[in-house]
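The chain contents come next:
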Amino acid sequence: MHAKSSHTGAYLNLKLYDLDSKISFNSKNINSLTMKVQQVLDNLSQRFPNEPVYLQAVEELLTSIEDVYNQHPEFAKVNLIERLCIPDRIFSFRVTWVDDAGSVHTNMGYRVQHNNAIGPYKGGLRFHPSVAPQLLKFLAFEQTFKNALTTLPMGGGKGGSDFSPKGKSDAEVMRFCQAFILELWRHIGPDTDVPAGDIGVGGREVNYMYGMYKKLARENTGTFTGKSLEGGGSLIRPEATGFGNVYFLLEMLKTRNIDIKDKIVTVSGSGNVAQYTTEKLIELGAKVVTLSDSDGYIYDPAGIDSEKLSFIMELKNEKRGRIKEYAEKFGCTYVEGERPWNIVCDIALPSATQNEINAEDAQKLVDNGCFAVSEGANMPSTPEAIAIFLNHNILYAPGKAANAGGVAVSGLEMTQNSIKLSWTRDEVDHKLKHIMKEIHNQCVKYGKTSNGYINYVKGANVAGFMKVAKAMMDQGII
Ligand code: GLU
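Predicted model only: the values in this text are computed from it and were never measured. (Residues numbered from 1 in each chain as written. Predicted model: local features only at pLDDT ≥ 70, side-chain atom pairs only at ≥ 80, totals over all residues. Heavy atoms only, no water.)

Chemist: Run through the site of the ligand, naming residues and quoting values.
Modeler: In the region of the ligand, 14 residues are neighbours, and K122, K146, G197, D198 and S410 sit closest. One of the side-chain nitrogen or oxygen atoms of N378 is found 3.1 Å away from an oxygen atom of the ligand. Relative to its unbound accessible area of 300 Å², the ligand is 94% covered by the protein chains. If you list the elements that add at least two residues to the shell around the ligand, you get β3 (121-127), α6 (133-149) and α16 (404-419). Counting residues per element, the shell around the ligand draws most heavily on β3, which supplies three residues. (Near = heavy atom within 4 Å. Polar contact = N/O pair within 3.5 Å; in protein donor to acceptor, adjacent residues only side chain to side chain. Areas by Shrake-Rupley, 256 points an atom, 1.4 Å probe, with all protein chains shown as cover. Helix = DSSP H or I, 4+ residues; strand = E, 2+ residues; numbered from the N terminus.)

Written out as structure tokens, the structure is:
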């Protein structure tokens, strides 16, 4: 008994990590107990060379939070910054599948589990030839702070494959999804990691993956969001990213007493986000004049109405055709190989992919009188483009705030699955509006500058970072 208790006492007194002593970490910035963005970046780029998009996302965040971070010396003592930038783990695997002609193909599959300090890893899967670990590392990093902003308990992750669903039959897509899950299923679960869709992964793919997951895991707890309604999905989930972006835009416009009605809006992309962004804008009386895909963009000065939008939805979601066919059908302009940023507009909503607005595009938008940019895609603006928007004091919302509505409703889908109930369309829409408003409030709280301008980049980054940082501090060095 005596031996046992003294052993216990010794154990309790054991300090695994002495937070008050100088711990020697492998990065120089720790010695001074201040974080210098350049030092952290140099260190990361040495360790992870050839990962420019990941480093771009890290730099954007670190630049915004540098001051706040350095007001908390306790963060540097535990090297919080590297633990926050480097993902918890990355799974990488081969996916083997058979096409309709009987040929055998291999693709790479990945899941980046970035951070689970505030909840299970959560984030979409992207199927696109450009998918590689560095791209997913950037997306998982962004997702962590975006999810923190939603006010819901979700950590950050992202995954995907270099498989392209373009031109594949339904049966091929199904076999690929099943093969992908045959590997991934053991790493995910309702309280571990909950995937969803992203570029190249919509309802069809999520449902195929979820079906295979259930067969292997023998459970029905909703691991996956964006499921069909009948299979446990949530109302408003398909609409959520686009609707959420417009709700966020409305909050921004409110700060300048601007009415959305009759405003000319350029939207890029023509997938899920662009479609529901357009739907909400039509409902509010704004005029959407562009949409795009990876081949080019359409310019319809008359505006896309509900009927034309139905055509796009059928074209893109069922026939899986190209946006060019819209111009052919409605007799408007189609510009091959370009993006819509030289079209005169009041508001631009990039909803396609990363780095689709460069400095030249941003300058063109500003010169043409565009006063608001709200990002439906993840990191669509390059750092140079962002600098131009901020220097011209336009209303500029980064994706991690503006497009958080998608993952927010995913969080609501998880809640409905756990309580085994389904909320009505109005209930979910109401909650989504509330969440977007809350995200806007957080951006204002941390991003309002002395001259009254709201720097949404800073606001979103500081708010997201502080939440994750506090949770990590509470949970010790792991
Ligand atoms: N792919 C979406 C995003 O970038 C949604 C992720 C999710 O619902 O988990 O936020």
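Chemist: Now, about the nonpolar core: what can you tell me, with residues and values included?
Modeler: Membership of the largest hydrophobic core comes to 56 residues, with the highest contact counts inside it found for F248, L281, I347 and I439. Sequence-distant contacts of L281, that is, excluding residues within four places in its chain, are made with V246, I260, V265, V267, A286, V288 and L349. Within the second largest apolar cluster, 45 residues are counted, among which are V40, Y54, I81 and F145. (Core = buried A, V, L, I, M, F, W, Y, C linked by side-chain atoms within 4.5 Å. Buried < 20%, exposed > 50% of the residue type's maximum accessible area, 1.4 Å probe, protein only. Contact = heavy atoms within 4.5 Å.)

Chemist: Can you explain the environment of L136? Please cite residues and give values.
Modeler: Inspection of the secondary structure puts L136 in helix α6. On the basis of relative accessibility, which here comes to 0%, the residue L136 falls in the buried class. Spatially, the C-alpha atom of L136 lies 9.5 Å from that of V53, the residues being 83 residues apart in sequence. Excluding anything up to four places from it in sequence, L136 contacts Y110, V112, V131, K158, G159 and G160.

Chemist: An account of the environment of D99 is requested, with residue identities and associated values reported.
Modeler: With respect to the helices, strands and loops of the structure, D99 is situated in the loop between β1 (89-98) and β2 (104-115). Using a relative accessible area of 14% as the deciding quantity, one classes D99 as buried. Those residues in contact with D99 that lie beyond four places of it in its chain are H105, E172 and R175.

Chemist: Can you lay out the sheet that holds strand β5 (residues 193-196) for me, pointing to particular residues and giving the numbers?
Modeler: Taken in spatial order, the five strands make up an open sheet running β1-β2-β4-β3-β5, and their pairing is mixed. The two strands at the open ends of the sheet, each matched to only one other strand, are β1 and β5. Strand-to-strand twist in this sheet, taken as the mean axis angle between neighbours without regard to direction, amounts to 20°. By the bridge criterion, ten bridges tie β1 to β2 in an arrangement that is antiparallel. Residue I90 lies in a different strand from β2, and its bridge partner there is V112. Along the sheet, helix α7 (residues 170-184) contacts β1, β2, β3 and β4 (156-161); its crossing angle with β1, the most-contacted strand, is approximately 140°. (Pairing = 2+ DSSP bridges. Axes fitted to C-alpha atoms, helices over the stretch in contact; angles between N-to-C directions.)

Chemist: Describe the sheet that holds strand β11 (residues 372-374), naming the residues involved and giving the relevant values.
Modeler: Read across the sheet, seven strands follow the order β9-β8-β7-β6-β10-β11-β12 without closing on themselves; strand pairing throughout is mixed. This sheet does not close on itself; its edge strands, each paired only once, are β9 (333-336) and β12 (395-397). Within this sheet the neighbouring strands show an average axis-to-axis angle of 15°, counted without direction. As paired elements, strand β6 (residues 264-267) and strand β7 (residues 287-293) share three bridges and run parallel to each other.

Chemist: Before we move on, could you go through the pattern of salt bridges and cite the residues and values that matter?
Modeler: A full pass over the atoms with the stated rule returns 21 salt bridges. For E239, the salt bridge identified is with R425, shortest N-O distance 3.2 Å. A residue pair is termed long-range when its members are at least 10 positions apart, and E239 in the loop between α8 (203-217) and α9 (240-254) and R425 in helix α17 (residues 425-447) qualify at 186 residues. Given a relative accessible area of 8%, E239 falls into the buried group. What you see here is one network of salt bridges that share partners, running through D293, D295, K316 and R322. (Salt bridge = Lys/Arg side-chain N within 4 Å of Asp/Glu carboxyl O.)

Everything listed here is a matter of coordinates, which is why it stays silent on function.
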